[in-house]
Amino acid sequence: MREENKISVVINTYNASRYLRQVLDAVKDFDELVVCDMESTDDTLAIARDYGCKIVTFPKGQHTIVEPARNFAVQSATHPWVLVVDADEIISPQLRQYLYRRIAEPNCPAGLFVPRINKFMGMDIRDFTPDYQLRFLRREGADWPVYIHAIPKVAGPVERIKAKAYMYHLMDETMYENISKLNQYTDNEVEKKAGKGYDVGALLWRPFWRFFRSYFLAGGFRMGKRGFIRALLAAVYQYVLVAKIMERRMRNEQDAKF
């Protein structure tokens, strides 16, 4: 195979042994497997070695999110194309075949948004609006911002995959885990959106819009009670995020008076 048609799979890990064997089994036929580990203390690295992965280390330090390690991981790959996979995501055979077929075409864009199927309360979520993630990209010129839920920047056009070629998210978080991550993620996202001029109106509008989008536009109503609960969680996330941004601004204004 010509070098320009080779793909490296990059997986960021930290104590990720729970699903890692399943994840690696699904991508073992790609040209290279790169595990970028943030100093795991479980058997993550032993599993990666079993699969012959190239292993690189990014110091965890005080990081609580993966984004600061993304650029280092992507640039540690050897081949020109990179598929970024989390340690709880399965790449379907159809997606693998699609990617190799696509990069062999002369009009392949520099990045592809991959449709991901998530789980919630034991059910696969096949929303009217799929959960698209920009995870396939040309390594050269790529830049991944360090804030949470960042979308990487690529040197060229991007497209959404419209074929039935999916990435499957294995994690099915409990309500306790969802609430814990809501608090953690909103803390991190405050850094990204601290400059927004959110006020009381945003406390009402943003939660309402997120609920409407999740429950009606994204087809959550088709999931019954699960869809209603999921839409409410999306609304609560926005409420907490806006409240934290307002809290920071008000505290800064108060401090400036003294």
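The structure under discussion appears in the preceding block.
Keep in mind that what you see is a predicted model, and the values were worked out from it rather than measured. (Residues numbered from 1 in each chain as written. Predicted model: local features only at pLDDT ≥ 70, side-chain atom pairs only at ≥ 80, totals over all residues. Heavy atoms only, no water.)

**A short note on the overall build of the chain**
(1) Moving on: Counting its regular elements, the chain contains seven helices and ten strands.
(2) Moving on: A compact globule built from 258 residues would reach a C-alpha radius of gyration of about 18 Å, and the chain, at 20 Å, matches this within 12%.
(3) Moving on: Seen through its principal axes, the chain has C-alpha atoms that stretch 60 × 45 × 35 Å.
(4) Moving on: Counting across all 258 residues of the chain, residues that qualify as buried make up 47%.
(5) Moving on: Across the chain, contacts joining residues at least 24 apart in sequence account for 73% of those joining residues at least 6 apart.
(6) Moving on: Carbon and sulfur atoms make up 54% of the accessible area of the chain, which amounts to about 13800 Å² in all.
(7) Moving on: The chain carries 38 positive and 32 negative side-chain charges, and their two centres are separated by 6 Å. (Helix = DSSP H or I, 4+ residues; strand = E, 2+ residues; numbered from the N terminus. Rg over C-alpha atoms; globule rule 2.2 N^0.38 Å. Buried < 20%, exposed > 50% of the residue type's maximum accessible area, 1.4 Å probe, protein only. Contact = heavy atoms within 4.5 Å. Areas by Shrake-Rupley, 256 points an atom, 1.4 Å probe, with all protein chains shown as cover. Lys, Arg positive; Asp, Glu negative; His and termini not counted. Charge placed at Lys NZ, Arg CZ, Asp CG, Glu CD.)

**Examining helix α5 (residues 175-193)**
(1) Moving on: Compared with an ideal rise of 1.5 Å per residue, which puts 19 residues at 27 Å, α5 spans 26 Å between its outermost C-alpha atoms and is within 8% of the ideal.
(2) Moving on: Turning to α5, its buried residues are N178, L182, T186, N188, E189, V190 and K193.
(3) Moving on: Turning to α5, the residues buried within the fold contact β6 (111-120), α6 (200-217) and α7 (225-256). (Expected span 1.5 Å × (residues − 1).)

**Examining the pairing of strand β8 (residues 131-138)**
(1) Moving on: The sheet contact formed by strand β4 (residues 81-86) and β8 spans three bridges and is antiparallel. Looking at the pairing, V82 lines up with L137 of β8.
(2) Moving on: Where β6 meets β8, six bridges bridge the pair, whose relative direction is antiparallel. By the bridge assignment for β8, L112 is matched with F136. (Pairing = 2+ DSSP bridges.)

**Some words on α7**
Helical geometry: 3.6 residues make up each α-helical turn, so side chains three or four residues apart lie on a common side.
(1) Moving on: The first and last C-alpha atoms of α7 sit 47 Å apart over 32 residues, in line with the 46 Å expected at 1.5 Å per residue.
(2) Moving on: For α7, the elements touching its buried residues are β6, α5 and α6.

**Concerning the environment of I245**
(1) Moving on: You can see I245 is positioned in helix α7.
(2) Moving on: Taking the C-alpha atoms as reference, I245 lies 45 Å from D29; in sequence the two are 216 residues apart.

**Remarks on the environment of G201**
(1) Moving on: Examined against the element boundaries, G201 turns out to sit in helix α6.
(2) Moving on: Given the relative accessible area of 46%, G201 is considered partly exposed.
(3) Moving on: Sequence separation between G201 and L217 is 16 residues, and the spatial gap between their C-alpha atoms is 22 Å.

**So, the state of the cysteines**
(1) Moving on: Under the criterion given, the structure shown has zero disulfides.
(2) Moving on: Cysteine C53 is unpaired, with the sulfur of C36 as its nearest cysteine sulfur at 12 Å.
(3) Moving on: On the basis of relative accessibility, which here comes to 10%, the residue C53 falls in the buried class. (Disulfide = S-S within 2.5 Å.)

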